[in-house]
Amino acid sequence: MHLTGASAIVTGGASGLGGATARRLAADGAHVVVVDLNEEKGEAMAAELNGAFVQADVRDEDQVRTAVEAAVEMGPLRALVNCAGVGNPGRTLNRDGEPLSLEFWDFVVGINLTGTFNCIRLAAAAMADNEPDDGDRGAIVNTASVAAYDGQIGQAAYAASKGGIVGMTLPIARDLSAINVRVNTIAPGIIDTPLLAGLPEPARESLATQVLHPKRLGQPEEYAELAHLLITHGYMNAESIRMDGGIRMAPK
């Protein structure tokens, strides 16, 4: 499938994994709609890419519909990359023995899992109207995490949300095969995003030493290259891929 002249939506596209992916898809000729809550960074990214910015909470149906409509105005919507997410930690019982609040659980699972599905279902409805390109009407890439497999202490909600993304990849790919839309998921390891930028250098080095090879943090551009491959490679479908340098996370 080709992206030149098509539109693409990248959620969480103002920075980090989403920002790198938005740049990669734009470099391949896509008209990119950047979806993010950060208006300043989102507008700047859209201007850089000559694309569009839609401020949206991925859980909100109307806001995501607005993003889909903006994409369709620029060209057939052929790609969706779901990078929006949160990683807030919280133990099942805190040090005082108090249980994790359901509000916290719903917040993390709502953005990471429900938000991802919300974007998939609305983008897929638009993709269904496309003419096939090399047999594909569209392709979707989701972002899970190695926490889906190696969830650490304090990651019950986060690991559940990312495990849910892995778990729904195959059934959604089966559902959307009826309209010739492929669905894949990337489970990144420790990536050098703005989330880690504030860590002291010794802490960053400690994280890097846990990686089998190469002993460094992953780069957002490496995620972007894999996402681009999954979109354009016509035989990649229904797969969840760890992109983690071989790391297996310790309990903490």
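See the structure above.
Residues numbered from 1 in each chain as written. Predicted model: local features only at pLDDT ≥ 70, side-chain atom pairs only at ≥ 80, totals over all residues. Heavy atoms only, no water.

As a further point, take the sheet that holds strand β3 (residues 52-55). In a beta sheet, neighbouring strands are held together by backbone hydrogen bonds and run either parallel or antiparallel to one another. Here we have seven strands laid out as an open sheet, ordered β3-β2-β1-β4-β5-β6-β7, and parallel in their pairing. Each edge of the open sheet carries a strand with a single partner, namely β3 and β7 (240-243). Sheet twist, expressed as the average angle between the axes of neighbouring strands with direction ignored, equals 20°. Of the pairings in the sheet, the one linking strand β5 (residues 138-143) to strand β6 (residues 181-188) comprises six bridges and is parallel in character. The partner of alanine 139 across the bridge, within β6, is arginine 182. Contacts from helix α3 (residues 61-74) reach β1 (7-11), β2 (31-36), β3 and β4 (77-82), with the element oriented near 165° to β2. (Pairing = 2+ DSSP bridges. Helix = DSSP H or I, 4+ residues; strand = E, 2+ residues; numbered from the N terminus. Axes fitted to C-alpha atoms, helices over the stretch in contact; angles between N-to-C directions. Contact = heavy atoms within 4.5 Å.)

Glancing now at helix α9 (residues 220-232). Helix length check: α9, at 13 residues, gives a terminal C-alpha distance of 19 Å against a target of 18 Å (1.5 Å per residue), a fit within 8%. What α9 keeps buried is the set Pro220, Tyr223, Ala224, Leu226, Ala227, His228, Leu230 and Ile231. Against α1 (16-27), β4, β5, β6 and β7 lie the buried residues of α9. (Expected span 1.5 Å × (residues − 1). Buried < 20%, exposed > 50% of the residue type's maximum accessible area, 1.4 Å probe, protein only.)

The element β4 is extensively covered by neighbouring structure, given that six of its six residues are classed as buried. Summarising the sheet, β4 and β5 pair through four bridges and their orientation is parallel. Across the sheet, residue alanine 79 finds its bridge partner in β5, namely alanine 139. The handedness of the β4 to β5 crossover, carried by helix α4 (residues 102-127), is right-handed. (Right-handed = clockwise from strand over helix to strand, strands pointing away.)

Applying the stated criterion to the full structure yields 12 salt bridges. A salt bridge links aspartate 136 to arginine 182; its shortest N-O distance comes to 2.9 Å. A residue pair is termed long-range when its members are at least 10 positions apart, and aspartate 136 in the loop between α4 and β5 and arginine 182 in strand β6 qualify at 46 residues. With its nearest N and O atoms 3.0 Å apart, the salt bridge here joins arginine 204 to aspartate 192. One end of the pair, arginine 204, is in helix α8 (residues 201-209); the other, aspartate 192, is in the loop between β6 and α7 (194-197), and 12 residues separate them in sequence. Salt bridges sharing partners connect three or more residues here, namely Asp150, Arg242, Asp244 and Arg248. (Salt bridge = Lys/Arg side-chain N within 4 Å of Asp/Glu carboxyl O.)

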